[in-house]
Amino acid sequence: MKPIKMVDLVGQYQRLKSLIDTAVQEVLGAGEFIQGSQVKAFEAALSNYLEGTNVVSCGNGTDALQIAMMALRFKPGDEIIIPVHTYVATAEVIALLGLRPVFIDVREDTFTLDVDQVDHVLSDRTVAIVPVHLYGQCADMEPLLRIAAKRGVAIIEDCAQALGAGYHFSDGRIMPAGTIGEIGATSFFPTKNLGAYGDGGAMFTRDSDIAERLRMIANHGQRVKYRHDVVGVNSRLDTLQAAILSVKLRSLRNDEERRKWVARYYDTHLSGIRQMELPVRVNYSSHVYHQYTLRVGAEYRDPMSAYLRTRGIPTMIYYPTPLHEQPAYHLPEYRSGAFPVAEKLSRTVISLPIHTEMDESQLSYICETIHEFFAKRE
Ligand SMILES: *Cc1c(COP(=O)(O)O)cnc(C)c1O
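This report concerns the structure included in the present document. (Residues numbered from 1 in each chain as written. Predicted model: local features only at pLDDT ≥ 70, side-chain atom pairs only at ≥ 80, totals over all residues. Heavy atoms only, no water.)

### Digging into the site of the ligand
Then, in step 1: The environment of the ligand is made up of 13 residues, and the closest members are Gly61, Thr62, Asp158, Ser187 and Lys192.
Then, in step 2: Note that an oxygen atom of the ligand is positioned 2.7 Å from one of the backbone N or O atoms of glycine 61.
Then, in step 3: Within the side chain of serine 187, a nitrogen or oxygen atom sits 2.7 Å from an oxygen atom of the ligand.
Then, in step 4: In isolation the ligand has 380 Å² of accessible area, and contact with the protein removes 92% of it.
Then, in step 5: Placement of the ligand is best described as lying within the largest pocket.
Then, in step 6: Taken together, the residues that form the shell around the ligand break down as five nonpolar, six polar and two charged. (Near = heavy atom within 4 Å. Polar contact = N/O pair within 3.5 Å; in protein donor to acceptor, adjacent residues only side chain to side chain. Areas by Shrake-Rupley, 256 points an atom, 1.4 Å probe, with all protein chains shown as cover. 1 Å grid on protein atoms, 1.4 Å probe; cavity = no way out; pocket = protein on both sides within 12 Å on 5 of 7 lines; lining within 4 Å. Sits in = over half its atoms within 2 Å of the grid points. Nonpolar A, V, L, I, M, F, W, Y, C, P; charged D, E, K, R; others polar.)

The following block contains the structure:
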């Protein structure tokens, strides 16, 4: 059996080697390392994949969130509502821009923000809500869109983990994650479902004026070289990364199928373990399985992780500490117990290996080992 990894970037490269090497050689031969033609080509291909939404690439997913907030002209002191169970980037850029992150709890079954709690924290200073489509499945957008429209606040989707997922509206329409709110922000960090060989990110919007502003801000606030209309940042997608991403984008649908196959395998072979809950699938979103995340009793979680590790099976905890318990984001009003679901999840979630290179022997070994762990504790 091949060694089991959380993600197998080397294995994936070996599979795509000739295509990737050719694409990289082309960039090296042309010498246009910044904003070469491959960047535009990748943006166009991704736009096509996202049903024609404007795509503006940038340096990474964190920048994508920051540039989105700059483009919507938020002012210091403005409040942005975010789930407290997420990656730190979401809160970080809000703080960096002098805005105020306002946390809300998530739902235990879906891991995404609890829409019913938005009303409690909306204020006159609220300018945006940032749903995070965690682990590969969309947050419930329809009620959120309703609240946002009523209160005149923007929605910025953090779809770093859900590129390729579709949100299903009650009237039957399906829209790609990241194209539903004013702006979607995604990441091409190597381990993401569409990963570069370094950092990369992109923003999506259906509004071409916003797209233009995003593009300007990502490139020093200039539309024309050496004319700076607004304060911007230096955040561009490398030509090399764009060339690599174009190759990988072509197999993204197949990669998704592979991830779904892994998830189905886990579903089938791990069902019936009483101490464990399998990922819940909602009817309003497809799932692209950035992570396959289980919930187990807090008393089992760390022992299970250690048991699997000594048997060559890595696992990850996303995320071990909710944002309000992080020193950098702690506020007096956010005492322990303020967000009981996120706090519970930080002690009970565990993500299993899931990627495009997994085979049946690895999966069967992982499932047997998990059964063995719980059998010993009966
Ligand atoms: C990865 C990730 C980001 C940040 O992306 P980077 O490219 O690493 O800056 C933001 N939000 C979420 C939910 C992520 O998973």
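### Re the sheet that holds strand S5 (residues 154-158)
Then, in step 1: Ordered by their spatial adjacency, seven strands build an open sheet running S1-S9-S8-S5-S4-S2-S3, and the pairing between neighbours is mixed. Looking at which strands have only one partner, the edges of the open sheet turn out to be strand S1 (54-58) and strand S3 (100-104). Mean inter-strand twist for the sheet, computed between neighbouring axes without regard to direction, equals 25 degrees.
Then, in step 2: Across four bridges, strand S8 (residues 183-187) lies against strand S9 (residues 201-205) in antiparallel orientation. Note that in S9 the partner of glycine 184 across the bridge is phenylalanine 204.
Then, in step 3: Contacts between helix H2 (residues 37-49) and the sheet are confined to S1 and S9, with S1 contributing the most and set at about 135 degrees to the helix.
Then, in step 4: Sheet strands in contact with helix H4 (residues 89-96) are strand S2 (79-83), S3 and S5, and its direction is about 170 degrees off that of S2. (Pairing = 2+ DSSP bridges. Helix = DSSP H or I, 4+ residues; strand = E, 2+ residues; numbered from the N terminus. Axes fitted to C-alpha atoms, helices over the stretch in contact; angles between N-to-C directions. Contact = heavy atoms within 4.5 Å.)

### Brief notes about empty space enclosed by the protein
Then, in step 1: By the definition in use, this model includes three cavities of 30 Å³ or more.
Then, in step 2: Counted as a void, the largest cavity has a volume near 110 Å³.
Then, in step 3: The wall of the largest cavity is formed by 14 residues, among which Leu9, Gln12, Arg259, His355 and Thr356 lie closest to the centre.
Then, in step 4: Listed by contribution, the elements that provide at least two residues to the lining of the largest cavity are helix H1 (9-30) and helix H9 (252-270).
Then, in step 5: By residue class, the composition of the lining of the largest cavity is three nonpolar, six polar and five charged.
Then, in step 6: Space inside the second largest cavity adds up to approximately 50 Å³.
Then, in step 7: In this structure, the second largest cavity is lined by Thr110, Phe111, Leu134, Tyr135, Gln137, Pro279, Val280, His287, Gln291 and Thr293. (Points joined across faces, edges and corners; volume = space filled by probe spheres on them.)

### A short note on the packing of H2 against helix H8 (residues 239-250)
Then, in step 1: Two elements in contact, H2 and H8, have axes whose closest approach is 8 Å; the angle formed by their N-to-C orientations is 35 degrees. Regarding H2 and H8, the two cross each other, and that crossing is left-handed. For the pair H2 and H8, the contacting residues are Gln38, Val39, Ala41, Phe42, Ala45, Leu46 and Tyr49 in the first and Thr239, Ala242, Ala243, Leu245, Ser246 and Leu249 in the second.
Then, in step 2: Looking at side-chain class alone, the contact of H2 with H8 contains 10 nonpolar, three polar and no charged residues. (Left-handed = near helix turned anticlockwise from the far one by under 90°.)

### A few points about the packing of helix H3 (residues 61-71) against H4
Then, in step 1: Between H3 and H4, the shortest axis-to-axis distance is 9 Å and the interhelical angle comes to 40 degrees. Overall, the two elements H3 and H4 adopt an arrangement that is oblique. For H3 against H4, the interelement crossing comes out right-handed. Mapping the contact onto sequence places Thr62, Leu65, Gln66 and Met69 in H3 and Ala89, Thr90, Glu92, Val93, Ile94 and Leu96 in H4. (Parallel < 35°, antiparallel > 145°, perpendicular 65-115°, else oblique.)

### Focus: the pairing of S8
Then, in step 1: In terms of burial, S8 is a largely internal element, five of the five residues being buried.
Then, in step 2: Sheet topology note: the S5/S8 ladder contains three bridges and is parallel. Of the residues in S8, the one forming a bridge with aspartate 158 is alanine 185. (Buried < 20%, exposed > 50% of the residue type's maximum accessible area, 1.4 Å probe, protein only.)

### With respect to the sheet that holds strand S14 (residues 349-352)
Then, in step 1: Read across the sheet, three strands follow the order S12-S13-S14 without closing on themselves; strand pairing throughout is antiparallel. The strands lining the two open edges of the sheet, one partner per strand, are strand S12 (276-277) and S14.
Then, in step 2: One ladder, built from four bridges, connects strand S13 (residues 292-296) with S14; its direction is antiparallel. Residue pairing in the sheet places leucine 294 in a bridge with isoleucine 350 of S14.

### Remarks on the packing of aromatic side chains
Aromatic rings in a pair are described by how distant their centres are and how their planes are angled relative to each other.
Then, in step 1: Taken as a whole, this structure holds 16 aromatic pairs when the rule is applied.
Then, in step 2: When the centroid spacing of 5.6 Å and the interplanar angle of 70 degrees are considered together, the rings of tyrosine 318 and tyrosine 319 count as edge-to-face. The burial state of tyrosine 318 is the same as that of tyrosine 319; both residues are buried.
Then, in step 3: Chaining the aromatic ring pairs together yields one cluster made of Tyr300, Tyr307, Phe373 and Phe374.
Then, in step 4: Against the face of tyrosine 307 rests arginine 311, its NZ or CZ located 3.6 Å from the ring centre. (Phe/Tyr/Trp six-rings, centres within 6.5 Å; stacked < 30°, edge-to-face > 60°. Lys NZ or Arg CZ within 6 Å of the ring centre and 35° of its normal.)

Any functional reading would require information that these geometric values do not contain.
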